[in-house]
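# Structural characterization, general
Letter by letter, the chains look like this.
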Amino acid sequence: MSAAAATPPVDIATMRETTGRVIGPGAQPPTGEDLDTLTTALRGHMELLIPEVEQAARKLPRYYPPRDGALACVWSARHKLSAAAVPGPDAGAADARELAHTLTALCDRYEDLRPPAPA
């Protein structure tokens, strides 16, 4: 079995649903265990999506704006994942919001770079 066949497909709908729980219309700031669960899910989604977006972007010609934008998004996402948590009473919710916005951008880039579906 090839590596590509072993890789599960990316579930953008689930990723967008997760971000919606944090930054969607009417979303309430998560707290406690829900905050921990959402933050873990957002991080996990980003870890799955970053290499997919990067791989798709690297197939495009150099100095091509969609490629450059996608790679900048990948860099930003990696930076967010490696950043230390900021202390404070609302720091966890703020971190979740930043992760959700970054994941949304990754989802957008992923969809922009996907080849069109066959008709």
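Here, every reference points to the structure presented above.
What you see as residue numbers is a count from 1 along each chain, following the sequence as written. Under the rules for a predicted model, residues below a pLDDT of 70 receive no local features and side-chain atom pairs below 80 are neither given nor counted, while totals for whole chains, interfaces and linings still include all residues. Heavy atoms from the whole structure form the basis of all side-chain values; hydrogens and water molecules are not counted.

Another aspect to go through is the layout of surface pockets. Whether a set of points on the 1 Å grid over the protein atoms alone is a cavity depends on a 1.4 Å probe fitting there but being unable to get out, while an open set qualifies as a pocket with protein on both sides within 12 Å along at least five of seven lines; lining residues are those with an atom within 4 Å of a point. Grid points are joined across faces, edges and corners, and a volume is the space filled by probe spheres set on the points. Volume-wise, the largest pocket comes out at about 270 Å³. Contributing to the lining of the largest pocket are Glu52, Gln55, Ala56, Lys59, Leu60, Tyr64, Pro66, Tyr110, Asp112, Leu113, Arg114 and Pro115. Secondary structure elements are defined from DSSP: runs of H or I of at least 4 residues count as helices, runs of E of at least 2 residues count as strands, and each element is numbered from the N terminus. Breaking the lining of the largest pocket down by element, the ones donating at least two residues are helix H3 (32–58) and helix H5 (91–113). What lines the second largest pocket is simply Arg43, His79, Lys80, Ala83, Ala84, Ala85, Val86, Ala91, Gly92, Ala94, Asp95 and Glu98.

Further remarks concern the packing of H3 against helix H4 (residues 65–82). Between the N-to-C directions of two axes lies an angle of 0 to 180 degrees, each axis being a line fitted to C-alpha atoms and, for a helix, fitted only over the stretch in contact. At their nearest, the axes of H3 and H4 sit 9 Å apart, and the two run at 155° to each other. On the basis of the axis angle, H3 is roughly antiparallel to H4. Two packed elements cross with a definite hand, and for H3 against H4 that hand is left-handed. Note on element contacts: H4 touches H3 through Arg67, Ala70, Leu71, Val74, Ala77, Arg78, Lys80 and Leu81, opposite Arg43, Met46, Glu47, Ile50, Val53, Glu54, Ala57 and Arg58. Between 65 and 115 degrees an angle is taken as roughly perpendicular, under 35 as roughly parallel, over 145 as roughly antiparallel, and anywhere else as oblique. For any pair of crossing helices, the crossing counts as left-handed if the nearer helix is rotated counterclockwise from the farther one by less than a right angle, and right-handed if it is rotated clockwise. We call two residues in contact whenever any of their non-hydrogen atoms come within 4.5 Å of each other.

A few words now on H3. To estimate how far a helix should reach, multiply one less than its number of residues by 1.5 Å. In a regular helix each residue adds 1.5 Å, so 27 residues correspond to 39 Å; H3 covers 39 Å between its end C-alpha atoms and thus fits that length. To obtain the bend at a residue, axes are fitted to the seven residues ending there and to the seven starting there, and the angle between these axes is taken. The largest bend along H3 measures about 30° and falls at Leu49, with the proline Pro51 one to four residues further on. Of the positions making up H3, those classed as buried are Leu35, Leu38, Thr39, Leu42, His45, Met46, Leu49, Ile50, Val53, Glu54 and Ala57. Turning to H3, the residues buried within the fold contact helix H2 (12–23), H4 and H5. When accessible area is computed with a 1.4 Å probe and restricted to protein chains, residues below 20% of their type maximum are described as buried, those above 50% as exposed, and intermediate ones as partly exposed.

Salt bridge, as used here, is a side-chain nitrogen of Lys or Arg placed within 4 Å of a carboxyl oxygen of Asp or Glu. Under the counting rule described, the total for this entry stands at eight salt bridges. Residue Asp108 is joined to Arg16 by a salt bridge in which the shortest nitrogen-to-oxygen separation is 2.6 Å. Separated by 92 residues along the polypeptide, Asp108 in helix H5 and Arg16 in helix H2 bring together distant segments of the chain. Judged by relative accessible area, Asp108 falls into the partly exposed class, the value being 27%. The class of Arg16 is partly exposed, set by a relative accessible area of 28%.

Note that Thr18 resides in helix H2. A distance of 3.3 Å separates polar atoms of two side chains, one belonging to Thr18 and the other to His45. When sequence neighbours within four positions are dropped, the list of residues in contact with Thr18 reads Leu38, Ala41, Leu42 and His45. We define a polar contact as two N or O atoms separated by no more than 3.5 Å, with the added condition that, inside protein, one atom must be a possible hydrogen donor and the other a possible acceptor, whereas residues neighbouring each other in sequence contribute only through side-chain atom pairs.

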